Structures are given as C-alpha cells and as structure tokens.
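# Coordinates in review
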Amino acid sequence: MDGGQKTNSLLLTIRDLSIEGRSSNGWTRLVDSIDLDLHRGEVLGLIGESGAGKSTLGLASMGYTRDGCRIVSGSIRFDGLDLVGCGERVRQDLRGKRIAYVAQSAAASFNPAYRLIQQHCEVPVVKGVMTSAEAQADAIELYTKMRLPTPNEIGFRYPHQVSGGQLQRTMTAMAMACRPDLIIFDEPTTALDVTTQVEVLAAIRNIVEQFGTAAIYISHDLAVVAQMADRIMVLKNGRLVEVAETRTMLAAPREDYTKSLWAVRTLAREAEAPSDAGATPVVSLCGVDAAYGSAKVLHDVSFDIHSGRTVAVVGESGSGKSTVARVISGLLQPTRGEVRFEGRALAPGYLARGRDDLRHVQMIYQMPDTALNPRQTIRDIIGRPVEFYLGLKGRAKEERIHALLDQIELDPKTYIDRRPTELSGGQKQRIGIARALAAEPKFIICDEVTSALDQLVAAGILKLLARVQKEFDLALMFITHDLATVKAVADEVVVMQQGRVVEQGPVGTVFSAPANDYTKRLLESVPEMDPEWLDRQIGARRSA
Amino acid sequence: MGKIWILVGERLALGLVTLIVVSALIFVGVELLPGDLAQQILGQSATPETVAAFRRELGLDQPAVYRYLHWLAGVAHGEFGNSLANGRPISDLLAVRLKNTLFLASFAAAISVPTALFLGVMAALYRNSIFDRLCNVVALTWVSLPEFFVAYVLVLFLAVRVALFPAISSIDAEMSLAEMLYRSFLPALTLMLVVIAHMMRMTRAAIINVLASPYVEMARLKGLSRLRVVLFHALPNALAPIINVVALNLAYLVVGVVVVEVVFVYPGLGQLLVDAVTNRDVMVVQSVGLVFAAAYILLNLLADILSIVTNPRLMNQR
Amino acid sequence: MRDFLQTLKSAPPTAWFGMAVIATMALVAVFAPLIAPYGETQIVGAQYEPWSEAFLLGTDNLGRDMFSRLVFGTRNTVGLALLATAIAFGIGSVLGIVAAVLGGLVDRILSRIIDIIMAIPSLILALMLLTIVGASIASMIFVIALIYVAPVFRLARASAQSVVVMDYIEAARLRGEGLGWLVVKEVLPNIASTLVAEFGLRFCFVFLFIAALSFLGLGIQPPTADWGSMLKENATLISFGDITPLLPAAAIALLTVSVNFVVDWMLHRSSGLKD
C-alpha cells in the first residue's frame, strides 16, 4: 500500500489481448483487446458484472486458457517472458512457483482425496523448492500468518472437514507456498458470509503486504475491491471501461457505467410514518418454532407485516431467514406457534389452505432461471394464475395479461409469445413479479430477489417493486443478506441469527443504533465505498 | 470412521433382505403355476390315488409357508431337492455347472477388465482425438450387437472357415487347464467382446467427469505435469465409479453367459437353466434362478460397498 | 420446420446412416406383403436350397423362402419390440414422475418394488416368468413390459426429481395445482427429450432381448417368422460355412446400431456441447 517501497519495474504486461470462447454459434469474444500493466508488489483490482471476462483475463495472466477458449491476438509478458509464445513446459514451471492462483470456491478446488497440508506441500516439493519437511514447517508458519485457528493441526484435516472461510485462507496460504511474484485472486470471498468475509479479507491483505506480492484481485463487489487494490480496472463485456487509482475512481468515476456499479447503494426508501399500532397486520408470525427432522431451525419467531409496508428479514446463511418464508407459505409446518393472515390463523400446510388463502400469499424467487418453467410461454406463465384464481378466459384473460405486462414495463406485443430462455435475467425477474401480481395478492414474499442480478438491473427491480407496492397497497417481506438492499427498500427490519430474532424495529433506528451485539457486528462487516474501511475495522477489532 | 461402517452395514442388510424377498418371489412364482404340479408331472392319465401319493412325497400337502421355510432351510444347507426330469439331486448338477460358468466368466473377466480400463483411460486422456472417436463409434456399434450374432460370426470365421478353435466347447473336470482354456476360448472371446465396449465407455465417462472438476483445474494451475494431474488428482477420485462399472460388468458376465453357453453348448448353469425351462422342470428352474440371482445381487452389493469405501469424503468422516 | 431441417443438416454421417436404415426398415415392415415374393409360412421348395433366382436367399430348414421370412420378420420382431417398449414406457414414466412429484411414502414404496425387480437379472427373471406363464406372444409382451418398467421408472423419476426441485414447481404447488397439472403441464415437457432418447435406447435393449429369447426358443413361437428364431432354426448351416443364417442376426445388429447412432446424436444435441 505504501507507494514509496514499490519498485518501479513492470512484472506483467498485457498488450491488445483478445480471447474467444466456443459457443453454440461459433466463437464469441470473452476478452476484447485489453491492455494491462502490473508492477511488482502492486495489487490490481478487476471488477465487472457477470460475463465481463474478469476470470478469463485473470487466468490468461497465468498463460492459461480454459478448454474451448483460445487466444486470438495480443501478448502476455511476465517478467520478460512471453507467455503466449513460450512452450507449455515453461508455463507449467512458472505456475505454482512464480504465479499462483486462489479460486472462488475453495471447497470445490481442494482435492477431496488428500489432506490440506499434502496439497500445500505438493508444489514446493515437486518443483524442488523445499524438502518435504521444510515445506510442512513452512505451511504451518503460513497458516499462523493467515490467522487460522490451531495452525499446527488444521493442515492435517481433509477439505470437507474445514469451514468455508478457513478453507479460503488455507488456499491463500497454499498459493504463498513458493513465495510467488504474483497471485491471482478470483472472487475469493464471494461465497462467504459478510462477517467471515472481513476476516478473510484482512488475512489476505496482511500476507500480501508482508511478502510484497503483486496480485490481481477479481471481484464483482466494488466495495471489496476498494479495500484490496491500489488500482482498479472496470471491465464490461470483455472490454475495458476505465482504469484508475482506487481513490480517484471512488471519488470521481469518469464513466456512467462505473457509477452504476453501486446503483443499489444510491436508492433510499422514503421515510414513512410508523404503522398504526391498532391496525390488524396482514401477516403475523406468532411464536413460531420449526424443524427439519430433528434439527430445530426456528425458535420462537414473532413479527408483523402491515399493508403498504416492507419488512426485511436479514441474516447470514443458516440464520433461518428462508425457513420463515417456507413457514408462511405453508411448505414447512411449524412445530409450535401459528401464522395469521388478517388476524385469522392460516392452516399450517399449504395443501389444507383454501384457494383464496393461497392467492393472497405470493412468492418471488431468488433465481430467475429456475423460477419460470422454460417450456412455457410468457402467456402461459402469467395467464395460468389469472385463469386459476380469477376464472378469466379468452379475451378477458388476454387483456389482463397485457395489462400485467404493461405494469412490469415489458411491451406485451414483443414478449407475450416468448419463452423464459429468450429473456435476460432482469426481464425474467419482472415476469416473476407479474406472475405474483396476477393473483391479485395482499402479501408478497421476495426471497433474495436481487442477489442473482447485476447492480443496475437490481436497482430497476427494486424500484418496480416499490411502485407496485404503492399502487396496490401491498405488504412485502424481503428476505436478504445484503444490507444495502434493506436500506433501499425496507421500513422495518428483522435481524435473525441461528433461528432466532435477535433484534427488530424501524430500519433507521436499528441501523443507526443497534442494540444487539450481533446486529452491530453484521452492520460493521459490510464493506463501504471507502478504501480506509478495512483498516478501521481491523483497528477497531484490535483495540476491542 | 464410524459412519462408513453403518453405511456398509445398511447395504449388507439391504442385500440380505433383497435375497430373501427374491427367494420368496421365486417360490411363490412356482406356486402360481397353473394346475397342480404333481398332476403336471404325472400327466393327465394318472389316477387320483397316485397323484395324491406323489403330492405327499413332494410335500405338496403341507401349507405353503411351511414348505417355503423348509425349502429355504434346505437351500441354506446346499440341499435343493431333486430334479423332476431325471430325479437326480439338483445340488450335484449345480456344483459342476456353477464351477464351469464361473470358470468361463473369470476367463473373460481376466482379459476384458484390464483391456477396457486401459482403452477407457486412453480415450478420456486423448478426448476428441481420432483414437477417441474411433473408440466411440466402435463401442457404440459393438454394444448394439446381439451376443449370438457375435458368437456365430466367431464360429464361422475361427472354427469353420479357419479351424483354429472348436465350435463346441465341451469341457469336463479331467481336462488340463490349458485344454480347458483352449476349448472355452470362443465363448470367452464372445463375452469379452460384449463387455469391453460397455466398460470402456463407462470408464471414459467417469474419468472425463472428474477431469472437469475444479480441483483438477486447480492442479493444472499449480503447474503440475499432465501425468501427475491424471494419476494423483483425477484417478483417486474416479476410482469409485470405475470400480462400480467393473463390478456391474462382472455381474453381467455371470448372468449374461446364458445365450453364449447355448450357442457353444457349454456345460454351464445357463445351459442347464434353458434346458430346464424347455422341459418345465420347475425345481431346477427355481434353484438355478436363485443361484443366478444370488450371484447378481452379491456382485451388485460388492459394487455398492466398494464405491462407499473408496469415496474419500466418506472414508475420512470426522 | 426450417429449424428442423437445419438440425437435420447438422447431423453427423453416423446419424444420417441411422435414420436411413430406420426409414428403410419401417417401409419394409409396412409393405411386407407387397415386397415378399412368397407367404410367411408357405413351404415353397426343398430344405436348405442355395441362393438362386427363385429363392433370393435360398430356403430354410423347412423349405420356406428365407428372403420372404426375413421381410415378414421385420414386421413381427420390430412390431413386437415397439409394442413392448411402448407399454413399459407408458407405465414406467408415468409412475416415475408421479413418485418424484408426490415423494414421501408413495415414492418409497414404488422405489423399493422397482429395486427388487432390478435386483434380479432380467434374462433370468424372464426365463422364470415364462416358465410360469408359458411361452406365448401375449405372455412375452407382459413379461418384457414388466421387466423394462423398472429402468424406465428409475430414469423418469431421476430426471423428474431434478425438475421437481425447481422454483416453478414450488410456485405451481403453492398456487394449488393438482397432481395431473404438475405431471403433465409442468414436469413432462421438461423431461420429454430425455425420455425420447431413452425410448430409443430401451427399444434396442428390448429388441435384443426378444431376439435372445426367440433364439433360446422361448420367445416368438414357430411358424411365425422372427429374426431370432430364424437364426436358431438354421444354425446348422453355419457349420458348413454358409452365412445365410447370420443375415437375420445382421439385420438385428443393423437396426440396433442405427437406433443407437441416432440416439447418441440426440443426446449430444440436448446436452448442448460436444461432451
């Protein structure tokens, strides 16, 4: 981070690099005439949305292309070596020793058949850098540096015996084994919960600084990259959008596209008057316990949702937030307590609920790809609830479908005969909303509806939901792990941890003055658009 | 470590239950035969007295459940009763025939398993090469050939047109091993040709599946040689599916000999079964069916258990 | 239609070969009486007459025209295999999807029954069943359908299960849709292509299976012309170096290879990529 220590020699230079991948209709460009310079000890952030070509570019800097991809033109020079022109043997020798790689999913990238330390020592021993004993001692030292608990023992476990956050740190240690000049980090924290992410980010940054290793850090989350990188490159569809020093880019992005990368963060919910305490809530959970088999997943969960209001249920994986949705919809029967709809207890299982009860509680799903039947047209998908619940047929049904498509801002004439596979992710999610609205419900559960979408598209979906909520006076429940989304849409927030509600109240109150320790930790763990944020976090934790 | 033995125990118990259910089904099946067994054997001309006496002799006057348990207890001691056709004890017939069938199956397996594994690994390593495509087309063609077609083509070319091997494989216990191998060469070759194609395709698929996994890409990104990636990183994880494929094909070898034995008039279990079915000798059909089913179930069970114990995730449970 | 032609154009030579053979055999089966010079069971000459102008492929062990019997055999053998496969498919796939959609007890009971059928080697099971019910065309169709319901059930259940976990199925359940709608409108269209390919494969197995049974003398009974029993009846000729008896077996092989080639191509296409 300290610019003065940086030697000014170039480590990696990429010139006019284009890579193509084989697809069903010929070759598609994945990376399109990219230039890249990386100095020794420098950390470069690569950011972009899905399909931007970040991983392809990251792998190319190791001279590696996946099966079915080819380098069309350009040069990759690593410390004077031409990685495109040299033989595979030279590249092979370089990899692991001088350029190392940290994959997104450590759980899948460690070989399940071997202990972690065996995999760690493989490269230094095979490449003759260290003896087996030296490599093992060094591994334990690196585990200590990565702040892994019980560094003497953890390496002797198998990958499936170690948690995700620890695996990711072990993999970073493994990449360090031969003290490489360059490490490629390919979304190393994307699969982790926020509270775990902070620790892994801190450990990675610490070790990279200690050894002065240059790194390419790939992520889709600008706030994360801002903590790690000296310089940031923004990619879109394989092309360079802009490149700048981290601070400069955050303070004054030149391109509109760069700004859209934090679109959801710029949304804000208009403050509304607190709900009338006397009114009957649309949906309320009263002392709900639930279990999968013998594993209890919800403990005494109670909260209300009023019409026209949005309640966000937040928590990390395993907090039970999705189970709440399953209990309300009747997919999982509570072992204790009940779900009330407009003051009246609903039957615990959906099979026992009347058609009207089913109609009033609708769901929108996380993955737009699996939420719509790929074999049905948009007309079938939206038309079915219209016919099923409201009994509309023929012309009336057709008109209703048109009205719903207008509602979600998709042109009926263009889209009504298409199938989901012909739509983009955001459009599919809009169809999901239309299907829920078609039932004319009073309450909609939104289960992580924006987490599979790129920022700008997500912001559009959130705006649409806010609009229809106002129009139909809907009660909404948002299940999410992303606190920026909570700020953008919710009136009230329910914080869950290990199946319990640890705190609930108006978003403003909870976020500005959290009463519960876990809530506090959760809020602090969300990276901010400020390069100093991680330093402050580490500082605060040390002093605590 | 404990969990894996529970899993293995479960499979064993399930295999045992299946065996018992199958034996009961076989027994009930014979019970359901239209008409009275004694009547059928003695023919329509028999007097009611002789039929009744014969029924008593066969134990047919006892309740079915009792007879089933009696039969099962006999089977457990190696007593299968007597053949209806010639009155000889079935266990004597079975002993010789089973040995011959196992000999043929092992002969075929000893050559086909290594060959198929080798070809499968090569096809996977050089995927989409000319060699791989050729293997694929040949295998696909081969899987579609009826066994008796392969068998007769071999007879035509290796026994009739060029008299290299005997077209009829009569063997007996007095022969030397070399003599037995020579005489049973054609049926064994037929079996090999039939299973190699299938085993090769499955092996190739198992390895390709593992080669596509992220940890193999990681191994390549660690700069390891191609050979090391395949031997150390891919193979240990492909072991379970490959073992499964081999065991399934062994099961097929034991059972699939029926047609081949008939073509070559090989004195094995299959020939015995077909003869018994033609003669409607239900006692023999019942016994041979049970032996075949038991062998098949046991080999499938073995496949199941081996794929559990070679799975690293299950082996190293915390 | 244009898409369809486009797809056909992209077919590899093996698939083309397969489709051509299947089409030819279908024509032969339909127009058998027009093509065959003699009747199916008509005795027209001495036994084992050599190939000649009058008897294109000679005569068989009873003096019937081989070529005519080969032509009629197409109809009998293929027709029977199609019928048995269709029955097995109808029952197996419906039960499989229902088991996947309902889950729970229904699924467990059905799966256990199928497990037991699968635990017995199919040829042995068929032989035992045929001993019990006696060899006839009807009993053979029944036995084969029963045996082949098992693998079809497993495949249909497995592929339906991967569809059943999708959110759109959950959405349909929560809407209050009944079993019929879920099976027919939501699940079936998504696994149809898998099932069609499987139909081809299973047809091959059934076809070979019937041929093997007939060969063993337990399948289609004389004097009906059938490829499996034709080989059995005339096998003696092989020991004289004559290839005529192998022709029906070659016809069996040709058809199964062709179906396999076409299915293999379809599977490749539906899996999207080359492997």
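Residues numbered from 1 in each chain as written. Chains lettered and ligands numbered in written order. Predicted model: local features only at pLDDT ≥ 70, side-chain atom pairs only at ≥ 80, totals over all residues.

## Digging into the overall build of chain A
As a reminder of what qualifies: Runs of H or I in DSSP of at least four residues are treated as helices and runs of E of at least two as strands, each being numbered from the N terminus. Put simply, the radius of gyration uses C-alpha atoms, and a globule should come to 2.2 Å times the residue count raised to 0.38. With C-beta atoms placed from the backbone, the exposure class of a residue follows from how many other C-beta atoms lie within 10 Å of its own: 20 or more, buried; 12 or fewer, exposed; in between, partly exposed. For the purpose of contact definition, each residue receives a C-beta atom placed from its backbone, and two residues are in contact when these atoms lie within 7 Å.
Per the secondary structure count, chain A includes 24 helices and 20 strands. For chain A, whose C-alpha radius of gyration is 26 Å, the value lies close to the compact-globule estimate of 24 Å for 544 residues. Its C-alpha atoms give chain A principal-axis dimensions of roughly 75 × 50 × 45 Å. Among the 544 residues that make up chain A, the fraction classed as buried is 46%. Looking at chain A alone, contacts between residues at least 24 apart form 68% of all its contacts between residues at least 6 apart.

## A short note on the sheet that holds strand S5 (residues 81-82) of chain A
Residue and element names in this part refer to chain A. Put simply, the rule reads: Whether two strands pair comes down to DSSP finding at least two bridges between them.
If you trace the 4 strands from one edge of the open sheet to the other, you get S2-S1-S4-S5, paired in antiparallel fashion. In this open sheet, the two strands that pair with only one neighbour each are strand S2 (26-39) and S5. Here strand S4 (residues 69-78) runs beside S5; their pairing, made up of 2 bridges, is antiparallel. Pairing of Arg77 across the sheet is with Asp82, part of S5.

## Considerations on helix H13 (residues 321-329) of chain A
Residues and elements named next belong to chain A. H13 sits mainly inside the fold: 8 of its 9 residues count as buried. When H13 is considered as a whole, its buried residues turn out to be Lys321, Thr323, Val324, Ala325, Arg326, Val327, Ile328 and Ser329. Residue Gly330 follows H13 closely and has a positive phi angle near 90°.

## Focus: the packing of helix H5 (residues 90-125) of chain B against helix H9 (residues 185-211) of chain B
Under the convention used in this document: Interaxial angles span 0 to 180 degrees and are taken between N-to-C directions of axes, which are lines fitted to C-alpha atoms, for helices over the stretch in contact. Here a crossing is called left-handed whenever its near helix is offset anticlockwise from the far helix by less than a right angle, and right-handed whenever the offset is clockwise.
The geometry of H5(B) relative to H9(B) is characterised by a closest axis approach of 7 Å and an angle of 35° between their N-to-C directions. Taken as a pair, H5(B) and H9(B) cross one another with a handedness that is right-handed.

## Things to note about the interface of chain B and chain C
To be explicit about the condition: Residue classes follow a fixed rule: Ala, Val, Leu, Ile, Met, Phe, Trp, Tyr, Cys and Pro count as nonpolar, while Asp, Glu, Lys and Arg count as charged, and any other residue, Gly among them, counts as polar.
Residue-level contacts link 44 residues of chain B with 37 residues of chain C. The set of elements that each furnish at least two residues to the side of chain B that touches chain C consists of helix H1 (2-31), helix H6 (130-143), helix H7 (147-161), helix H11 (226-264), helix H12 (269-279) and helix H13 (282-309) of chain B. Here the residues of the side of chain B that touches chain C are counted per class, giving 33 nonpolar, 8 polar and 3 charged.

## So, the interface of chain B and chain A
Each partner contributes to the interface: chain B provides 15 residues, whereas chain A provides 23 residues. Of all elements in the fold, only helix H10 (214-221), H11 and helix H14 (312-315) of chain B reach the threshold of two or more residues within the side of chain B that touches chain A. Here the element with the most residues in the side of chain B that touches chain A is H10(B); it accounts for 4 residues. Each residue belonging to the side of chain B that touches chain A can be placed in one class, and the counts come to 7 nonpolar, 5 polar and 3 charged.

## Section: the environment of Thr194(C)
By the element assignment, Thr194(C) lies in helix H9 (residues 179-215). Taking C-alpha positions, Thr194(C) is 7.8 Å from Leu267(C), a pair spaced 73 residues apart along the chain.

## Here we look at the sheet that holds strand S17 (residues 443-447) of chain A
Residues and elements named next belong to chain A. The strand order across the open sheet formed by 6 strands is S16-S17-S18-S13-S19-S20, and the pairing between neighbours is mixed. A strand with exactly one partner marks an edge of an open sheet, and here the two such strands are strand S16 (361-364) and strand S20 (500-506). With direction set aside, neighbouring strand axes in the sheet form an average angle of 20°. Relative to strand S18 (residues 475-480), S17 runs parallel, the two sharing 5 bridges. Within S18, the residue paired with Ile444 across the bridge is Leu476. Along the sheet, helix H19 (residues 425-438) contacts S16 and S17; its crossing angle with S16, the most-contacted strand, is approximately 175°.

## Quick word on the packing of H13(B) against helix H6 (residues 122-133) of chain C
Here is the rule we go by: By the definition adopted for this analysis, an angle is roughly parallel if under 35 degrees, roughly antiparallel if over 145, roughly perpendicular if from 65 to 115, and oblique otherwise.
Put simply, H13(B) and H6(C) touch, their axes get as near as 10 Å, and they point 160° apart. For the element pair H13(B) / H6(C), the angle class is roughly antiparallel. Crossing angle aside, the handedness with which H13(B) passes H6(C) is left-handed. Contacts from Val282(B), Val285(B), Gly289(B), Phe292(B) and Ala293(B) in H13(B) reach Ile124(C), Met128(C) and Thr131(C) in H6(C). Split into classes, the residues belonging to the contact of H13(B) with H6(C) amount to 6 nonpolar, 2 polar and no charged.

## Notes on the environment of Leu201(C)
Mapped onto the secondary structure, Leu201(C) falls in helix H9. Residues Leu201(C) and Val262(C), 61 residues apart in the sequence, show an inter-C-alpha distance of 9.7 Å.

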